[in-house]
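# Structural features, examined
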Amino acid sequence: MLENGLLALADDLSGAVEAAACLRPLGQSTTVELARKGSAPIAHNAQSVVVKDLDIRELPAAEAGRIASAALRDSGDRGVFVKIDSQLRGNVAALLSAAADRPLVVAPALPALHRTVVGGVAHLRGVPLHHSAAWQVEATSPPRNIAETLVPLPCRTIPLETVRSASLPAALAECIAAGAVPICDGEVDADLDAVVAAAPDGARLAGSGGLAAALGRTAPAPADETPLAPTGNPLLLVAGTASPEAAEQLRVAELRGTRIVACSTADLVGPDTDESVLSRALAALERGPTALRIDPSEPVAPGQSRNLVRGLASTAARVVERLPGPVDVVLTGGETARLVLDALGVRALTPVGQIHHGAVHSRTPSGTSVVTRPGSFGESDSLARIVEHLRPAGIERLTK
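Right, let's walk through the structure included here. (Residues numbered from 1 in each chain as written. Predicted model: local features only at pLDDT ≥ 70, side-chain atom pairs only at ≥ 80, totals over all residues. Heavy atoms only, no water.)

### Concerning the environment of L160
As for its position among the elements, L160 is in helix α5 (residues 160-163). With a relative accessible area of 13%, L160 lands in the buried category. Separated by 163 residues in the primary sequence, L160 and L323 place their C-alpha atoms 53 Å from one another. What L160 contacts, discounting residues up to four positions off in sequence, is D185, G186, E187 and D191. (Helix = DSSP H or I, 4+ residues; strand = E, 2+ residues; numbered from the N terminus. Buried < 20%, exposed > 50% of the residue type's maximum accessible area, 1.4 Å probe, protein only. Contact = heavy atoms within 4.5 Å.)

Printed below as a string of C-alpha cells:
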C-alpha cells in the first residue's frame, strides 16, 4: 500500500497532526499541510507521508465533499488514509463518500481514549455516543450508530467476533464485493491491527487516530521519539474549545503556575481587539507561560461560539506579533489551531513527537514549537504536562 508514499486527509488541524504523529514511521519525512484555496502545492518526495488538513469540518456538506474529492484526485499512486473524528463530528459522510470511489474500510475506534465501537455503535468509556454528553455543544444530535453517520453510503457492520477471527479478510472482501462499506468493531489496539492486516490490497483505510496508529505500527521500525531541546521561547496557550475536559485542564495548569487571561465577549467580537486584553497577555508572558481562553463566566449565545473562537485566534496572533522574538504556542481545539496558524501565516508543520496521544509537538519552518491537541483529549494534567515538556521561558519560576 505504501510503496509510493502515503496521503492522509483530515477535516481539521488537530486531527491532521494527530494522524501525522501516528503515521510518521511509514515515511522518510512527514509533513502536515494547511491546505488553502489557490495555494501552490508543497513538493514532497515519493516516500513521504503527507497529511492535508482540508479545514472542512464546519463547511456545508456539498462543499466539503468537493474539496475532499479534489484532494483525492491529486493522490496519484499514493496509499490513502482518511482521518475522521472518533466522536463522529464534522462532515464524516461527505469525506468518506469522496473516498468511497475505491474500496474503503472504516474502523473509528480509539482505544487509547476508551472510545470503542461495538455492534456498529460508537461508545465513550462504555456509554453509547448518543447517550453521552459529547455532542452537547453541537448544533445537531449525535448519530445512533456509525452507519447513520455515513448515509447515503451502503454500510455493513463487521462484528467484534469476526474482527478477532481468521475470517476477517474474507468478510471484508465479501462486503466490498457486494458494494458496501465495512464498518469494523473494535475495543483494543489489537482489533485495529487486525483490520489493517486484513484490508484488501489497494483499499483505503478510514478511522480515528487509533487506526492511524495501527497503520503506523506496520512500519519496520518506530519513529524516533527523542524529545527536542527546548527552544527557551515564551509560551502562549490558546484554548478555544468549550469542552469540560479543557476547562479542568486549564484549572490544573493554573494551579501549576500557568497564568490565565480570560477574554470577554466584548473583547473578542468587536471591530478591534480590546487593548487591555493584549496588555494583560503581554504582561503575563513576561512572567512565564500564559493561556488565553474565552471567559467561562459569560453565557455564549447560540451561534456565537464560532465568532468567539475567531476573535480568540485573532487576539492570539496579535499577541505573538507584538512580542520582539519567536514564540511557541499550544493550541487546543482543531478550529482554534487552524485559525491561529492561518493568522500567523504558517503553511506546514513537521511533527516531531507526541507528549501524550493527540498532543503532538511539531516544528514550523521557522523553527518554533507548536503543540496541537483536540479539545476533548488528555487527562486533567494534559496542559500542565505540555508546558513542562516544552520548558518555556519563565518556567523556572514555576519550579522554585
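### Points about the nonpolar core
Grouped together as the largest cluster of nonpolar side chains are 103 residues, with contacts concentrated most on L23, V32, F81, L96, V105 and L236. Top element by residues in this core is helix α1 (residues 13-23). It accounts for eight residues. Within the second largest apolar cluster, 14 residues are counted, among which are A239, A253, V330 and I355. (Core = buried A, V, L, I, M, F, W, Y, C linked by side-chain atoms within 4.5 Å.)

### Notes on the sheet that holds strand β6 (residues 115-118)
Sheet architecture is open: three strands sit in the order β6-β7-β8, paired in antiparallel fashion. The sheet terminates laterally at β6 and β8 (127-128), the two strands that pair on one side only. Here β6 runs beside strand β7 (residues 121-124); their pairing, made up of four bridges, is antiparallel. Directly across from R115, in β7, lies its bridge partner L124. (Pairing = 2+ DSSP bridges.)

### A few points about helix α14 (residues 382-390)
All buried positions along α14 are accounted for by S382, L383, A384, I386, V387 and L390. The inward-facing, buried residues of α14 contact β12 (235-239), α9 (244-255), β15 (328-332), β16 (348-356), β17 (359-363) and β18 (369-373). Within two residues after α14, R391 carries a phi angle of roughly 50°, on the positive side.

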